[in-house]
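A structural walkthrough
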Amino acid sequence: MTLSEKITAQIRDIADFPKPGIIFKDITPVLSHPKLVTEIVSWFVEKAKDDGIDVIVGVESRGFLFGMMIAEKLGVPFVPVRKQGKLPYETIKYSYDLEYGSATMEIHKDAIKPNQKVMIHDDLLATGGTAVAAAELVKELGGNVGNFSFLIELGFLEGKKRLAKENEAVYSIVTY
């Protein structure tokens with residue numbers, strides 16, 4: 001069984017969440033399988049090594065789950081990108097539209113050093129709005145987007161095309 005098949009077997013669909021018409025891909029069952037989690041982290045670590053990544057940026061909140069483990073395995077810093085008002089130090093902000101609303105993301109103003117190569121990691125790629133917001137924050141701090149990584153991609157929403165304008169290295173293990 002491939003890694004993609006192992007993950008797909010664990011993902012739970014939740015209908016009408018967070019609003020009617022949306023089918024939420026629940027990854028929490030994946031977290032109940034430590035060997036699978038190890039395989040997932042190893043897959044992302046290889047992508048980061050291949051692209052010479054210096055920093056892992058995890059997008060709130062599910063991007064923290066694997067993002068921190070990837071950073072630890074690589075021995076590189078982990079930087080959270082969070083919703084507005086969640087970070088305690090001085091931040092920069094970026095506002096954008098989601099498929100079901102709008103949001104503002106923040107990063108600490110001293111989180112990324114100039115020219116650091118950054119992996120932007122989240123659990124799911126939909127339209128790409130949140131990942132683009134994270135990329136804009138990284139660039140504003142002088143960092144370079146080295147790649148994007150996701151556990152799941154909703155290919156029919158074409159977020160990968162949007163992200164390819166930032167960097168063509170867009171990795172997903174499972175695509176629906």
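Throughout this description, residue numbers start from 1 for each chain and increase along the sequence as written. Confidence filtering applies because this is a predicted model: local features only for residues at pLDDT of at least 70, side-chain atom pairs given and counted only at 80 or more, and all residues used for totals across whole chains, interfaces and linings. The basis for every side-chain value is the complete set of non-hydrogen atoms in the structure, without hydrogens or water.

**Some details on the sheet that holds strand S7 (residues 117–125)**
Filter applied, for reference: When DSSP finds at least two bridges between two strands, those strands are taken to pair. Counting from the N terminus, the helices are DSSP H or I runs at least four residues long and the strands are E runs at least two residues long. Angles run from 0 to 180 degrees between N-to-C directions of axes, and those axes are lines fitted to C-alpha atoms, restricted for helices to the stretch in contact. Contacts are residue-level and defined by heavy atoms, with any inter-residue pair within 4.5 Å sufficient.
The mixed open sheet is built from 7 strands, whose spatial order is S5-S6-S4-S3-S7-S8-S9. At either end of the open sheet lies a strand with only one pairing partner, and these are strand S5 (91–98) and strand S9 (170–175). Strand-to-strand, the axes of this sheet are offset by a mean angle of 20°, without reference to chain direction. Note that S7 and strand S8 (residues 144–153) share 8 bridges and pair parallel. Bridging from a neighbouring strand, Asp 122 pairs with Phe 150 of S8. In this fold helix H1 (residues 3–10) packs onto S8 and S9, with an angle of close to 60° to the strand it touches most, S9.

**Remarks on unusual backbone geometry**
The linkage connecting Phe 17 with the following residue, Pro 18, adopts the cis geometry, with an omega of 5°. Along the chain, the position of Pro 18 falls in the loop between strand S1 (12–15) and strand S2 (23–26). The amide bond that connects Glu 60 to the next residue, Ser 61, takes the cis arrangement and shows omega of -15°. The phi dihedral of Asp 16 is positive, around 60°, even though this residue is not glycine.

**Section: the pairing of strand S3 (residues 55–59)**
Counted only if it meets this: A simple rule labels every residue: compare its accessible area, found with a 1.4 Å probe on the protein chains alone, to the largest value its type can have, and call it buried under 20%, exposed over 50%, or partly exposed in between. The definition of a right-handed crossover adopted here requires that, viewed with the strands pointing away, the path from the first strand over the helix to the second runs clockwise.
With 5 of 5 residues buried, S3 is to be regarded as a mostly interior element. Burial along S3 is two-sided: Val 55, Val 57 and Val 59 and Ile 56 and Gly 58, pointing in opposite directions, are all buried. Here S3 runs beside S7; their pairing, made up of 4 bridges, is parallel. Bridging from a neighbouring strand, Val 55 pairs with Val 118 of S7. Sheet topology places S3 next to strand S4 (residues 78–83); 4 bridges connect them, and they run parallel. Residue pairing across strands places Ile 56 opposite Phe 78, the latter belonging to S4. What joins S3 to S4 is helix H3 (residues 63–74), and the crossover it makes is right-handed.

**Things to note about the side chain of Glu 153**
Basically, it comes down to this: Two N or O atoms form a polar contact when they lie within 3.5 Å of each other; inside protein one atom must be a possible hydrogen donor and the other a possible acceptor, and for residues adjacent in sequence the pair counts only when both atoms belong to side chains.
Looking at the element boundaries, Glu 153 is found in strand S8. Only 3.2 Å separates the side chain of Glu 153 from the side chain of Ser 172, close enough to count as a polar contact.

**Considerations on the packing of H1 against helix H2 (residues 34–50)**
The criterion, for reference: Each angle gets one of four labels, with under 35 degrees taken as roughly parallel, over 145 as roughly antiparallel, 65 to 115 as roughly perpendicular, and the rest as oblique. Working rule for handedness: look at the near helix, and if it is turned counterclockwise from the far one by less than a right angle, call the crossing left-handed; if clockwise, right-handed. Residue type decides the class: Asp, Glu, Lys and Arg count as charged, Ala, Val, Leu, Ile, Met, Phe, Trp, Tyr, Cys and Pro as nonpolar, and the leftover types, Gly among them, as polar.
It is the contact of H1 with H2, at a shortest axis distance of 11 Å, that shows an interaxial angle of 130°. On the basis of their axis angle, the class for H1 and H2 is oblique. Crossing geometry of H1 relative to H2 is assigned as left-handed. Facing Leu 3, Lys 6, Ile 7 and Gln 10 of H1, the residues of H2 in contact are Leu 36, Glu 39, Ile 40 and Trp 43. In the contact of H1 with H2, the residues fall into 5 nonpolar, 1 polar and 2 charged.

Distances and angles like these do not, on their own, reveal function.
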